[in-house]
Amino acid sequence: MSSKDAPPLPEPLRVPVADSHTHLDMQDATVEEGLARAAAVNVTTVIQVGCDVKGSRWAAETAAAHPSVYAAVALHPNEAPRIVHGDPDGWSRQGGREPGGKAALDEALAEIDRLAALDRVRGVGETGLDHFRTGPEGMAAQEESFRAHIEIAKRHGKALVIHDREAHADVLRVLADAGAPERTVFHCYSGDAEMARICADAGYFMSFAGNVTFKNAQPLRDALSVAPIELVLVETDAPFLTPAPYRGRPNAPYLIPVTLRAMAEVKGVDEDTLASAINENTARAFDY
């Protein structure tokens, strides 16, 4: 990727803010470059999120090395079925994998549990359910993994970071049944206004990403407008979900101001008010 593909730096925020969910290991810039660009626009903290054992170890190491980074560790909802059932045809784009069964899942979860105890690891996630990429044969492994992550988050007193893709009712069911941790974050919130009210009643944080700016995302904007300001977070999920007008180009933490300004408009508050609230909310959610 040449630098011309990368969107320009937006006008800096006047109030510092945190990116509650990013994948620095999937971005083109070095960690140092990515953090420097973010700091230049007043994005002063990022939560680096792991999706498998290797990525979670990397997240924990990166957080330990950089004061502006905290980590979340987990097996992504689509990773659990791959561990159990394998991936003989390589659909997961991680090469062919042999099935490891329940023993392999238990071993991977034990490593997530070990990492979750570390001080710079402030979240367990992204975990949850994904009915978009995992078919019926993988559902049991996915739910077992989700329940194990809930237990790990509660035992270590860490935030639970949820990936919910086309699985709203099932995610809410498992949380209610297992008992959600004290601090639960819906990453890249994708529900409607009705679900936002359910999340608000339960005290769950809702983190909005660049897709809240997309033309066809009115249901997301409706959800944001009813979400209590004290439960709202902002994220990039970079390199994915780049906000308009840069959709289709690589995302990075420095683009948080673009999404935050669009969110402030939806909420009918000025950007400083929203940035202050979000900065406080993120620190509360991830206990830093």
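Here the structure is shown first, and the text comes after it.
The following refers to the structure shown. Just so it is clear, the model here is predicted, and its values are computed rather than measured.

Some remarks on the nonpolar core
Right, on to step 1. Core analysis: the biggest nonpolar cluster contains 84 residues, and Phe146, Leu175, Phe186, Tyr189 and Met263 have the highest contact counts within it.
Right, on to step 2. Looking at this core, the element that brings in the most residues is helix H4 (residues 101-116), giving six residues.
Right, on to step 3. Discounting residues that sit within four places of it in the chain, Phe186 has contacts with Ile162, Asp164, Val171, Leu172, Leu175, Met195, Cys199, Tyr204, Phe205, Met206 and Ser207.

Digging into the packing of aromatic side chains
Right, on to step 1. What the rule picks out here adds up to three aromatic pairs.
Right, on to step 2. Plain terms: the ring middles of Tyr70 and Tyr288 are 4.6 Å apart, the flat faces sit at 20 degrees to each other, and that makes the pair stacked. Residue Tyr70 is located in strand S3 (residues 69-73), and its partner Tyr288 is located in the segment after helix H10 (271-286); the two are separated by 218 residues in the primary sequence.
Right, on to step 3. Under the relative-accessibility criterion, Tyr70 is labelled buried at 12%.
Right, on to step 4. Centre to centre, the rings of Phe186 and Tyr204 are 5.7 Å apart; their planes meet at 35 degrees, and the pair counts as tilted. You can see Phe186 sitting in strand S6 (residues 184-186) and its partner Tyr204 sitting in the loop between helix H7 (193-202) and strand S7 (205-208), a full 18 residues away along the chain.

A look at the packing of helix H2 (residues 53-65) against H4
Right, on to step 1. Close contact between H2 and H4 brings their axes to 10 Å; oriented N to C, the two are set at 10 degrees. Judged by the inter-axis angle, H2 sits roughly parallel to H4. Every residue of H4 that contacts H2 at Val53, Ser56, Arg57 and Ala60 is listed here: Ala108, Glu111, Ile112 and Leu115.
Right, on to step 2. Taken together, the residues of the contact of H2 with H4 break down into five nonpolar, one polar and two charged.

Topic: the side chain of Thr134
Right, on to step 1. You can see Thr134 is positioned in the loop between strand S4 (121-130) and helix H5 (139-156).
Right, on to step 2. Given the relative accessible area of 5%, Thr134 is considered buried.
Right, on to step 3. Polar side-chain contacts of Thr134 include one of 2.9 Å to the side chain of Asn78.
Right, on to step 4. Of note is the side chain of Thr134, whose polar atom sits 3.1 Å from the side chain of Gln142.
Right, on to step 5. Excluding anything up to four places from it in sequence, Thr134 contacts Pro77, Asn78, Pro81, Met139 and Gln142.

As for the environment of Glu137
Right, on to step 1. In this structure, Glu137 sits in the loop between S4 and H5.
Right, on to step 2. You can call Glu137 exposed: its relative accessible area is 58%.
Right, on to step 3. For the pair Glu137 and Val234, spaced 97 residues apart in sequence, the C-alpha separation works out to 34 Å.

Description of unusual backbone geometry
Right, on to step 1. Residue Glu126 is bonded to the preceding Gly125 through a cis peptide linkage, with omega at 20 degrees.
Right, on to step 2. Along the chain, the position of Glu126 falls in strand S4.
Right, on to step 3. Here Ala238 and Pro239 are connected by a cis peptide whose omega angle stands at 15 degrees.
Right, on to step 4. Phi at Cys188 takes a positive value of approximately 45 degrees, unusual for a residue other than glycine.
Right, on to step 5. Inspection of the secondary structure assignment puts Cys188 in the loop between S6 and H7.
Right, on to step 6. For Asp287, which is not glycine, the phi dihedral falls at a positive 55 degrees.
Right, on to step 7. By secondary structure assignment, the location of Asp287 is in the segment after H10.

Points about the sheet that holds strand S8 (residues 232-234)
Hydrogen bonding along the main chain pairs the strands of a sheet, whether they run parallel or antiparallel.
Right, on to step 1. The strand order across the open sheet built from eight strands is S1-S2-S3-S4-S5-S6-S7-S8, with neighbouring strands paired in parallel fashion. Each edge of the open sheet carries a strand with a single partner, namely strand S1 (17-22) and S8. Pairs of neighbouring strands in the sheet enclose a mean axial angle of 30 degrees, with direction left out of account.
Right, on to step 2. Bridge count between S3 and S4: three bridges; the pairing is parallel. Looking across to S4, one finds that Ala71 is bridged to Val121.
Right, on to step 3. Where H5 meets the sheet, it contacts S4 and strand S5 (159-165), and its direction lies at approximately 160 degrees from that of S4.
Right, on to step 4. Taken strand by strand, H7 contacts S5, S6 and S7, and its axis lies near 135 degrees from that of S7.

A look at H5
Right, on to step 1. Here H5 is 18 residues long and its end C-alpha atoms lie 26 Å apart, about the 26 Å a rise of 1.5 Å per residue gives.
Right, on to step 2. Three or more residues of H5 are buried, namely Ala141, Gln142, Glu143, Ser145, Phe146, His149, Ile150, Ile152 and Ala153.
Right, on to step 3. Contacts made by the buried residues of H5 are with helix H3 (79-85), H4, S4, S5 and helix H6 (168-178).
Right, on to step 4. With its phi angle positive at about 65 degrees, Gly157 sits one or two positions after the end of H5.

Basis of the calculations
- Residues numbered from 1 in each chain as written.
- Predicted model: local features only at pLDDT ≥ 70, side-chain atom pairs only at ≥ 80, totals over all residues.
- Heavy atoms only, no water.
- Core = buried A, V, L, I, M, F, W, Y, C linked by side-chain atoms within 4.5 Å.
- Buried < 20%, exposed > 50% of the residue type's maximum accessible area, 1.4 Å probe, protein only.
- Helix = DSSP H or I, 4+ residues; strand = E, 2+ residues; numbered from the N terminus.
- Contact = heavy atoms within 4.5 Å.
- Phe/Tyr/Trp six-rings, centres within 6.5 Å; stacked < 30°, edge-to-face > 60°.
- Axes fitted to C-alpha atoms, helices over the stretch in contact; angles between N-to-C directions.
- Parallel < 35°, antiparallel > 145°, perpendicular 65-115°, else oblique.
- Nonpolar A, V, L, I, M, F, W, Y, C, P; charged D, E, K, R; others polar.
- Polar contact = N/O pair within 3.5 Å; in protein donor to acceptor, adjacent residues only side chain to side chain.
- Pairing = 2+ DSSP bridges.
- Expected span 1.5 Å × (residues − 1).

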